[in-house]
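# Structural overview
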Amino acid sequence: MAADAKAPSDEQTPSYEQAREELTEVVRRLETGGLTLEQSIELWERGEKLAAVCEEWLQGARVKLAAAMARRSEPTAGNSNDTPF
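In what follows, the accompanying structure is described. Just so it is clear, the model here is predicted, and its values are computed rather than measured.

What counts, and where the lines are drawn
- Residues numbered from 1 in each chain as written.
- Predicted model: local features only at pLDDT ≥ 70, side-chain atom pairs only at ≥ 80, totals over all residues.
- Heavy atoms only, no water.
- Helix = DSSP H or I, 4+ residues; strand = E, 2+ residues; numbered from the N terminus.
- Expected span 1.5 Å × (residues − 1).
- Buried < 20%, exposed > 50% of the residue type's maximum accessible area, 1.4 Å probe, protein only.
- Contact = heavy atoms within 4.5 Å.
- Patch = residues over 30% accessible without salt bridge, like charges linked within 9 Å, V, L, I, M, F, W, Y side chains within 5 Å.
- Areas by Shrake-Rupley, 256 points an atom, 1.4 Å probe, with all protein chains shown as cover.
- Salt bridge = Lys/Arg side-chain N within 4 Å of Asp/Glu carboxyl O.
- Lys, Arg positive; Asp, Glu negative; His and termini not counted.
- Charge placed at Lys NZ, Arg CZ, Asp CG, Glu CD.
- Core = buried A, V, L, I, M, F, W, Y, C linked by side-chain atoms within 4.5 Å.

What follows concerns helix α2 (residues 37-73). Helix length check: α2 (37 residues) gives 53 Å between terminal C-alpha atoms against 54 Å at 1.5 Å per residue, within 8%. Leu43, Gly47, Leu50, Val53, Cys54, Trp57 and Gly60 are the residues of α2 that are buried. Along its buried surface, α2 packs onto α1 (16-32).

Take a look at the structure:
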């Protein structure tokens, strides 16, 4: 990921795709049931952490996209319509 798009800071942090995949598995396991209360709580906590990782990645992507769109909408120096000639 580019330096201007903030990625999760921990070097052990999974990629967006890895976090999303694991979060999907956590949700599936919770929905299936058959877990003890302690197991369910542990999975829920893991899911919350994974959701936060995904949100952090997505926020970084939003920042990067907004910057790219802002650069695109800026007039270039050579194509300014304000020049009289």
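Glancing now at a negative patch on the surface. On the surface, a cluster of negative charge is contributed by Glu38, Glu42, Glu45 and Glu48. On the secondary structure map, Glu42 appears in helix α2. Judged by its relative accessible area of 46%, Glu42 falls in the partly exposed class.

Let's shift gears to α1. Compared with the 24 Å implied by 1.5 Å per residue over 17 residues, the 24 Å span of α1 between its first and last C-alpha is a close match. With its phi angle positive at about 80 degrees, Gly33 sits one or two positions after the end of α1.

Next up on the list: the environment of Val27. Mapping Val27 onto the fold places it in helix α1. Put simply, Val27 and Leu43 are 16 residues apart on the chain and 8.3 Å apart in space, counted from C-alpha to C-alpha.

Turning our attention to the nonpolar core. Note that soluble globular proteins tend to have their nonpolar side chains buried in a common cluster. Listed in full, the seven residues of the largest apolar core are Ala19, Val26, Leu43, Leu50, Val53, Cys54 and Trp57. The set of elements that each furnish at least two residues to this core consists of α1 and α2. If one sorts the elements of this core by residue count, α2 sits on top with five residues.

So, about the pattern of salt bridges. Scanning the entire structure with this criterion turns up three salt bridges. Salt-bridge contacts for Arg46 lead to Glu22; the nearest nitrogen and oxygen are separated by 2.8 Å. With Arg46 in helix α2 and Glu22 in helix α1, this pair connects stretches of sequence that are 24 residues apart. Residue Glu22 is classed as partly exposed on the basis of its relative accessible area, which comes to 33%. Residue Glu25 is joined to Arg28 by a salt bridge in which the shortest nitrogen-to-oxygen separation is 2.5 Å.

Within the element layout of this structure, Ala52 appears in helix α2. Ala52 sits 33 residues away from Ala19 along the chain, and the two C-alpha atoms are 9.3 Å apart.

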